[in-house]
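Remarks on the overall topology
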Amino acid sequence: MKPDLFEAPDYYCLDDLLTDEHKLIRDSARDWVKKSISPIIEEYAQKAEFPNHVIKELADVGAFGPYIPEKYGGPGLDNISYGLIMQEIERGDSGIRSTASVQSSLVMYPIWKYGSEEQKMRFLPRLATGELMGCFGLTEPDHGSNPGGMTTNFKDKGDHFLLNGAKLWISNAPFADIAIVWAKNEEGRIHGLIVEREMEGFTTPETHNKWSLRASSTGELIFTDVKVPKENLLPNKSGLGAPLGCLDSARFGIAWGAIGAAMDCYDTALRYSKERVQFGRPIGGFQLQQKKLAEMITEITKAQLLAWRLGTLKNEGKATSAQISMAKRNNVEMAIKIAREARQILGGMGITGDYSIMRHMMNLESVVTYEGTHDIHLLITGLDITGLNAFK
Ligand code: TGC
Ligand code: FAD
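Residues numbered from 1 in each chain as written. Chains lettered and ligands numbered in written order. Predicted model: local features only at pLDDT ≥ 70, side-chain atom pairs only at ≥ 80, totals over all residues. Heavy atoms only, no water.

Near ligand 1 you find 26 residues, and of these Ser171, Asp248, Arg251, Glu371 and Lys392 are the closest. Serine 98 is positioned with one of its side-chain polar atoms (N or O) 3.1 Å from an oxygen atom of ligand 1. One of the backbone N or O atoms of leucine 244 is found 3.4 Å from a nitrogen atom in ligand 1. When ligand 1 is considered free in solution it has 1100 Å² of accessible area, and contact with the protein chains removes 70% of it. (Near = heavy atom within 4 Å. Polar contact = N/O pair within 3.5 Å; in protein donor to acceptor, adjacent residues only side chain to side chain. Areas by Shrake-Rupley, 256 points an atom, 1.4 Å probe, with all protein chains shown as cover.)

Right, dumping it as structure tokens:
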């Protein structure tokens, strides 16, 4: 891959809205991506392998549970800091951001919000340092957009629960030490359970042959009569709203992360358009290429404003699930469209691993589907504005 010359676009001077602490956190994540992700990511994506050695460094840049209070081993930052870290990491690669999103929003968040004090003290500090890694099992082979239909279940056996079922498409599953698993009890009520790697009957086969998120490790969770100690049930929330509450946090991070991927594609295409000469002049001088670039920076700027405002609402505890959903959908679609246009500006070079664009484009095909598909998020907005449910 070519050297990383990334310069972040900030057309509406959004830096003026950030605190010095935000900028420090953002810049340290940005520097880390340049130093540690850009030089290796193409190779890991090509061989479809997650770079395990970056786990400790991700923890050091505060990517694991940025908003988790210091008492539990986190740095206790605000939501805009979380968003900025996700933006910078996804600028490097969506797969690396996925690992950080899952650890933060889908593993640490439910333990922090729904766990007992003992569970928080036992797991959160080690998740913050990356000593323990986690995954989140909601999706099943027959229940993706409709997680409420899940069939994974547990029975009360007196001194333990007996867990059976399967989850599919689980990020981090092949190497996770713990899994937050959503399953129904005998009354059909959904609960979260902390399943530990060494529990008998628990396996995590890896999913191969992905054309997207190749540097992210994806797998299944299979439970065959797994004995789960009763103290591993998350006691403080049940029902479908519990996992969906975690998704609000993760979708918020993705709304920021997608901006990072888009910025990288735009920046690469802009630079290339000024250097690549055809018909005796740089292609950036042709109106058709300028139209593409002008539309890209406009869409990035709108997405930045959306994410920033959502961050301030979230800091005030006022962001609604539907607002988060809109930002996830809009920003990921914006990023995919920019990746496709940017790829064209690079012509044939755009399909090679010398540049990051094609990798971002392929990654974003997963990002637009996971954490609720584009269609599902349209329906969430539709329901919010009309009051009429078009899901079923
Ligand atoms: P519905 O009846 O609407 O809701 C059930 C209960 O949940 C509450 N609720 C929420 N609570 C918190 N946050 C939200 N976003 C919520 N949305 C709904 C709701 O109020 C209700 O509560 P209660 O107390 O009345 O019971 O549920 P539904 O069955 O009709 O489904 C609604 C739908 C389709 C929107 C939802 O299920 C959905 O979002 N589907 C998409 C599934 C999804 O996003 N899966 C993601 C899996 S994890 C993942 O992809 C990780 S990728 C990780 C990475 O690598 O980054
Ligand atoms: P389906 O639900 O089968 O949807 C298929 C199509 O039908 C979609 O286009 C959808 O929009 C459309 N559709 C469905 N219902 C409706 C409706 N009511 N109205 C209109 N259209 C509809 N899950 C986890 O739990 N944990 C993870 O860590 C995780 N990581 C993932 C990593 C990757 C790389 C991928 C690809 C997925 C991951 N997922 C994870 C799963 C992800 O959340 C699901 O793929 C997603 O929710 C969609 O479910 P599905 O793939 O079963 O598609």
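So that's the structure; there's more coming.
Turning next to the pattern of salt bridges. Between side chains of opposite charge, pairing is possible as soon as their charged atoms come close. All told, the structure shown has 20 salt bridges when counted by the stated rule. Among the ionic pairs, arginine 91 bridges to aspartate 4, the shortest N-O distance being 2.7 Å. Here arginine 91, found in helix H4 (residues 79-92), pairs with aspartate 4, found in the segment before helix H1 (20-37); they are 87 residues apart in sequence, far enough to count as distant. The class of arginine 91 is buried, set by a relative accessible area of 3%. Between lysine 47 and glutamate 43 there is a salt bridge, with its nearest N and O atoms 3.2 Å apart. The exposure class of lysine 47 is partly exposed, given its relative accessible area of 39%. For glutamate 43, a relative accessible area of 47% translates into the label partly exposed. Salt bridges here are not isolated pairs; linked through shared partners, they connect Asp4, Arg91 and Asp264. (Salt bridge = Lys/Arg side-chain N within 4 Å of Asp/Glu carboxyl O. Helix = DSSP H or I, 4+ residues; strand = E, 2+ residues; numbered from the N terminus. Buried < 20%, exposed > 50% of the residue type's maximum accessible area, 1.4 Å probe, protein only.)

In terms of nonpolar packing, the biggest core is built from 98 residues, with Phe64, Ile111, Leu127 and Trp182 touching the most fellow members. Among the elements that make up this core, the one with the highest residue count is helix H7 (residues 241-275) (17 residues). Among the nonpolar cores identified, the runner-up in size contains 19 residues, and Phe154, Phe161, Ala173 and Ala176 belong to it. (Core = buried A, V, L, I, M, F, W, Y, C linked by side-chain atoms within 4.5 Å.)

Our next topic: the packing of aromatic side chains. A complete count under the given rule lists 14 aromatic pairs for this structure. Between the aromatic rings of tyrosine 67 and tyrosine 109, the centroid separation amounts to 6.3 Å while the plane-to-plane angle is 85°, which identifies the pairing as edge-to-face. Within this pair, whereas tyrosine 67 is found in the loop between helix H3 (55-60) and H4, its partner tyrosine 109 is found in helix H5 (residues 94-114), the two being separated by 42 residues in sequence. Exposure remark for tyrosine 67: the relative accessible area of 9% places this residue in the buried category. Among the residues examined, tyrosine 109 registers a relative accessible area of 16% and is labelled buried. For the ring pair phenylalanine 202 and phenylalanine 223, a centre distance of 5.5 Å and an interplane angle of 10° mean the geometry is stacked. Highlighted residues: phenylalanine 202 in strand E6 (residues 202-203) and phenylalanine 223 in strand E7 (residues 218-229), separated in sequence by 21 residues. Residue classification places phenylalanine 202 among the buried residues on the basis of a relative accessible area of 9%. (Phe/Tyr/Trp six-rings, centres within 6.5 Å; stacked < 30°, edge-to-face > 60°.)

With that out of the way, let us pick up unusual backbone geometry. Residues apart from glycine generally show negative phi values, whereas peptide bonds are mostly found in trans. Unlike most non-glycine residues, alanine 48 shows phi in positive territory, near 55°. If you trace the backbone, alanine 48 turns up in the loop between helix H2 (41-46) and H3. The phi torsion at asparagine 209 lies on the positive side, around 65°, for a residue other than glycine. Residue position: asparagine 209 is located in the loop between E6 and E7.

Here the focus is the domain arrangement of the protein. Along its sequence, the protein is organised into domain 1 (14-128), domain 2 (134-232) and domain 3 (241-386). Computed over C-alpha atoms only, the centres of domain 2 and domain 3 are separated by 30 Å. Each side of the interface is counted separately: domain 2 has nine residues, and domain 3 has eleven residues. Around 800 Å² of area is buried between domain 2 and domain 3 when both sides are counted, 75% of it from carbon and sulfur atoms. The interface formed by domain 2 and domain 3 holds zero salt bridges in total. Taken together, the links from domain 2 to domain 3 amount to four residue pairs in polar contact (both at pLDDT 80 or more). For the side of domain 2 that touches domain 3, the residue count by class is six nonpolar, two polar and one charged. (Domains from an automatic or database assignment. Contact = heavy atoms within 4.5 Å. Buried area = accessible area lost by both parts, 1.4 Å probe. Nonpolar A, V, L, I, M, F, W, Y, C, P; charged D, E, K, R; others polar.)

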